[in-house]
Amino acid sequence: MQGFFEEAKARVEGLSTGGQAARGAPGSGVDELRQERLGKLAKYEAKMGPGSAWGARFANTTSIEALRAKFPRLEEGRQPEQNERFGTARLAARVMLRRDQSKKLIFLTVQDQSGEIQVALWNKKLDEAQLDLLRDTLDLWDLLGVEGELAYTQRGEPTVWATSVVLLSKCLAPPPEKHHGLQDKELRYRHRHLDLVSNPDSRKAFITRAKLVSGVRRFLDAQGFLEMETPVLQTIPGGAAARPFKTHLNALSIDMYLRIATEIPLKKLLVGGLEKVYELGRIFRNEGVDYTHNPEFTTVELYQACADLRDMMALVENLVSHLARELTGDTTVTFRGKPIRLGAPWPRLDYCELLLKHAGVKADDEAALDAKIREAKENPEGMSMVDKIDEVFGTYVEPHLTDACFVINQPVEMSPLCKAHPQDPKKADRFEAFAASMEIANAYSELNDPLEQRKRLAAQMRETWAKFMREVMDEPKTELPGELRLEVQGLVSAIESNDEWQPETGSAMETLRAVEVQTKQWKLRDYFYERMQRLEDPSLLIDEDFLHALEHGMPPAGGMGIGIDRLCMLIAGCDSIRDVVLFPLMRPEK
RNA sequence: GCGCCCUUAGCUCAGUCUGGUAGAGCAGCUGACUCUUAAUCAGCGGGUCCCAGGUUCAAAUCCUGGAGGGCGUACCA
């Protein structure tokens, strides 16, 4: 208990001193550099007045990009006219480089969001006293408001010849290296503000992301879709199979979960008579982190009444190729050094044909699937048929899906929320869109038959329970005593033979509790174990509320989800999701 | 989760194999210079070599353990 208060106190103290104590004893590098800058701050404010180093409203500025456009293009080898001016300028920018020629002339390179330009501080244009003050107090990374005249230098460099300069904000902390920028990836992710100033490519990627997100909205709005906002906090997280983040609502004393998809509430809106809806927002999944996965990420899901898969295909391929052309000027992009074609139309590829082509197996040939899984040094034991197919597809087929394409006709068991194919009840009327071997979109002709939906969810729930029970038995480390083992076996056959089975049926929960006691030390599978224990896996429960909504009649509909982060990686040319997520997940600093 | 790699000045990096007084560039400070552009030139200051133990006369360097990070791989409808 006392530890809590001490820790809290230490934290508060650490914050109030700005972590100064952690910056090392007096005389260390950072502290010295900071002291120098504090000295310059004091000097500036002594002359210009208290608070003058922190600026004020500085409106009616022009972007540096626009300023550069005012300079006429110099012909090859043409010397610029010395006294030729191209108007006046007013800009707000950060000092990136400083080149003192003498006490009378200083060149700066300054940067704003749009780019860089040279500023000259010269005693023939700028008040002598002001020049003296700036020479003594101006540091790299200070923010300036500049007014001046636009003219080339003798060497032909577009330059703002300052007639007036104010400090908009002093930079007290030492900036990163001016030429190499900030290289350390940890620092770039943890201190993104430094990265954004130092590395233009990083800045550009996030500007592209903003344009991509607004482009998606514009595109959908123009087609009559309405943007909806559904709860992030849910009592049963559904619409996907993923482990959720759990939290607690004090007001009602209930556990809640962060959403893992927006699918279920959006479908309820279709029942409610809204015909074309979408939601663009953050999704949370308590799972792995790698170059294509972040625990929180952004999706856009959309649902259109009385449409189907065909409509969704046309929509997604048009949307993606439109965005690519608008943001990069081309529908072929480069990702991890390889060209990726995103231009519509995308080829439609049959799921089973792809399995046959790239893995050489038929989707119903279990022995062949097992063999391929073992070939990839994985263990097919305990996997369901769907898991096996999915495993082989992921390992052998996905690496080949580089150019944008639609994979269609997935086995229906893999797609519990999707209508069966009109010509083949074993297949789902579904597509997954791939590009650069990443799944970037997923769409269904949505299942709107509540009776069928209940069967599918029940089957999935039973399958999940049975799978877990089988793993419990097959795992040698469990060492279940003989009678408990028999009990589990009985439970598995009960689950598999009884379509109506629920976790509350018979003595199921007692058996589970006995297993739980027996597997306390069971670290190898604690992931699955924990899910079972807390009933966190949505496929371990049935969302009755959702089924109830369907019973009031949901129109037939096409639905689709797109991974915005991955799409952004492709269009901004970033190799890792961390380069398109502003503040990616990092372990907290000590 | 597993494998490989990294951690040295505010920043970018050498030095570690082969143990022997801690290095460079940028940034900072002092000075010179009226068209530079990673300005240049002369001089100066700046280090918990990630942490803890061990081996040794002696450890940034070798050994063990730990922390953080990167990349790959796995999990991920």
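## Quick word on the overall build of chain A
Across its full length, chain A holds 18 helices and 18 strands. Relative to its 590 residues, chain A shows a buried fraction of 46%. Surface accessibility of chain A: about 30400 Å² in total, with carbon and sulfur atoms responsible for 51%.

## What about the protein's contact with RNA strand B?
Of all residues adjacent to RNA strand B, which total 56 residues, the nearest are Arg155, Lys178, His293, Gln460 and Arg578. Taken together, the sugar and phosphate atoms account for 61% of what RNA strand B places within 4 Å of the protein. Within the contact set of RNA strand B, a phosphate oxygen lies 3.4 Å away from a backbone nitrogen or oxygen of Val30. A distance of 2.8 Å separates a phosphate oxygen of RNA strand B from a polar side-chain atom of Arg336. Counting only elements with at least two residues in the surface near RNA strand B, the list comes to α2 (29-48), β1 (88-100), β2 (105-112), β3 (115-122) and α5 (185-190). When residues in the surface near RNA strand B are grouped by element, the largest group, six residues, is from α2. Along the lines of polarity and charge, the residues of the surface near RNA strand B split into 18 nonpolar, 16 polar and 22 charged.

## Examining the environment of Asp364
Tracing the sequence through the fold places Asp364 in the loop between α10 (351-359) and α11 (366-375). In this structure Asp364 comes out as exposed when scored by relative accessible area, which is 64%. Asp364 sits 70 residues away from Phe434 along the chain, and the two C-alpha atoms are 23 Å apart.

## Focus: the packing of aromatic side chains
Where two aromatic rings form a pair, the distance of their centres and the angle of their planes describe that pair. Considering all chains together, one arrives at nine aromatic pairs under this definition. Both rings, one in Phe71 and one in Phe86, keep their centres 5.5 Å apart while their planes meet at 65 degrees; by these two values the pair is edge-to-face. With a gap of 15 residues between them, Phe71 in the loop between α3 (64-69) and β1 and Phe86 in the loop between α3 and β1 connect regions that are remote in the sequence. Seen in terms of ring centroids, Trp122 and Trp161 are 5.3 Å apart; in terms of plane orientation they differ by 55 degrees. Their pairing is tilted. Of this pair, Trp122 sits in strand β3 while Trp161 sits in strand β5 (residues 158-169); the two residues are 39 residues apart in sequence, bridging distant segments of the chain. On the basis of relative accessibility, which here comes to 26%, the residue Trp122 falls in the partly exposed class. With relative accessibility at 11%, the residue Trp161 sits in the buried group. Grouping aromatic residues by their ring pairs yields a cluster made of Phe71, Phe86 and Tyr152. Between Arg90 and the ring centre of Phe58, over which it is positioned, the NZ or CZ distance is 4.0 Å. Lying over the aromatic face of Tyr291, Arg336 brings its terminal NZ or CZ to 3.8 Å of the ring centre.

## A closer look at the sheet that holds β3
Sheet architecture is closed into a barrel: five strands sit in the order β1-β2-β3-β5-β4, paired in mixed fashion. Along the sheet, successive strands turn relative to each other by an average axial angle of 55 degrees, direction set aside.

Basis of the calculations
Residues numbered from 1 in each chain as written. Chains lettered and ligands numbered in written order. Predicted model: local features only at pLDDT ≥ 70, side-chain atom pairs only at ≥ 80, totals over all residues. Heavy atoms only, no water. Helix = DSSP H or I, 4+ residues; strand = E, 2+ residues; numbered from the N terminus. Buried < 20%, exposed > 50% of the residue type's maximum accessible area, 1.4 Å probe, protein only. Areas by Shrake-Rupley, 256 points an atom, 1.4 Å probe, with all protein chains shown as cover. Near = heavy atom within 4 Å. Polar contact = N/O pair within 3.5 Å; in protein donor to acceptor, adjacent residues only side chain to side chain. Nonpolar A, V, L, I, M, F, W, Y, C, P; charged D, E, K, R; others polar. Phe/Tyr/Trp six-rings, centres within 6.5 Å; stacked < 30°, edge-to-face > 60°. Lys NZ or Arg CZ within 6 Å of the ring centre and 35° of its normal. Pairing = 2+ DSSP bridges. Axes fitted to C-alpha atoms, helices over the stretch in contact; angles between N-to-C directions.

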